[in-house]
Amino acid sequence: QVQLVESGGGLVQPGGSLRLSCAASGFTFSRHTMSWYRQAPGKERELVAGITSAGGTTNYADSVKGRFTISRDNAKNTVALQMNSLKPEDTAVYYCNAWRSVANNYWGQGTQVTVSS
């Protein structure tokens, strides 16, 4: 079955870094656009970063541009999000998403990122 398993979340001080990883299985990873979303308490889920199937194009939310980097390894079926210069407002549950079509849209369970001193 389809699985997206996130890891790497945790508690970090402002200005610190974390690297999130998402391991995918059960579908053709290399044909899916991969993205990271986040949802803070009381807020809607928002797109943080995305990367196309071959990895040629990336996009970022304005709030994370220059601080976060998304990457993928199609040989290992993984996608990562390197997060630097973290701010308290980055605190949220981060979700991995795989999308190819409405019928091929998959989500992970999420990993908590907390930025606090």
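That block above? That's the structure.
Residues numbered from 1 in each chain as written. Predicted model: local features only at pLDDT ≥ 70, side-chain atom pairs only at ≥ 80, totals over all residues. Heavy atoms only, no water.

Q: Hey, could you run me through the packing of aromatic side chains in this one?
A: Two aromatic rings are characterised by how far apart their centres lie and by the angle between their planes. A full pass over the atoms with the stated rule returns three aromatic pairs. Between Phe27 and Phe29 the ring centres are 6.4 Å apart and the planes differ by 45°, which places this aromatic pair in the tilted class. Looking at Phe29, the relative accessible area reads 2%, which means it is buried. Directly above the ring of Trp107 sits Arg45, whose terminal nitrogen or CZ lies 4.6 Å from the centroid. Here the basic side chain of Arg72 rests over the ring of Phe29, its NZ or CZ set 4.5 Å away from the ring centre. (Phe/Tyr/Trp six-rings, centres within 6.5 Å; stacked < 30°, edge-to-face > 60°. Buried < 20%, exposed > 50% of the residue type's maximum accessible area, 1.4 Å probe, protein only. Lys NZ or Arg CZ within 6 Å of the ring centre and 35° of its normal.)

Q: Would you explain the state of the cysteines in this entry?
A: Disulfides are covalent bonds that link the sulfur atoms of two cysteine residues. Scanning the model with the defined rule gives one disulfide in all. Disulfide pairing is shown between Cys22 and Cys96; the S-S distance is 2.2 Å. On the sign convention where negative means left-handed, the S-S torsion of about -85° between Cys22 and Cys96 marks this disulfide as left-handed. One end of the pair, Cys22, is in strand E3 (residues 18-25); the other, Cys96, is in strand E9 (residues 92-101), and 74 residues separate them in sequence. Across this residue pair, the class does not change: Cys22 and Cys96 are buried. (Disulfide = S-S within 2.5 Å. Helix = DSSP H or I, 4+ residues; strand = E, 2+ residues; numbered from the N terminus.)

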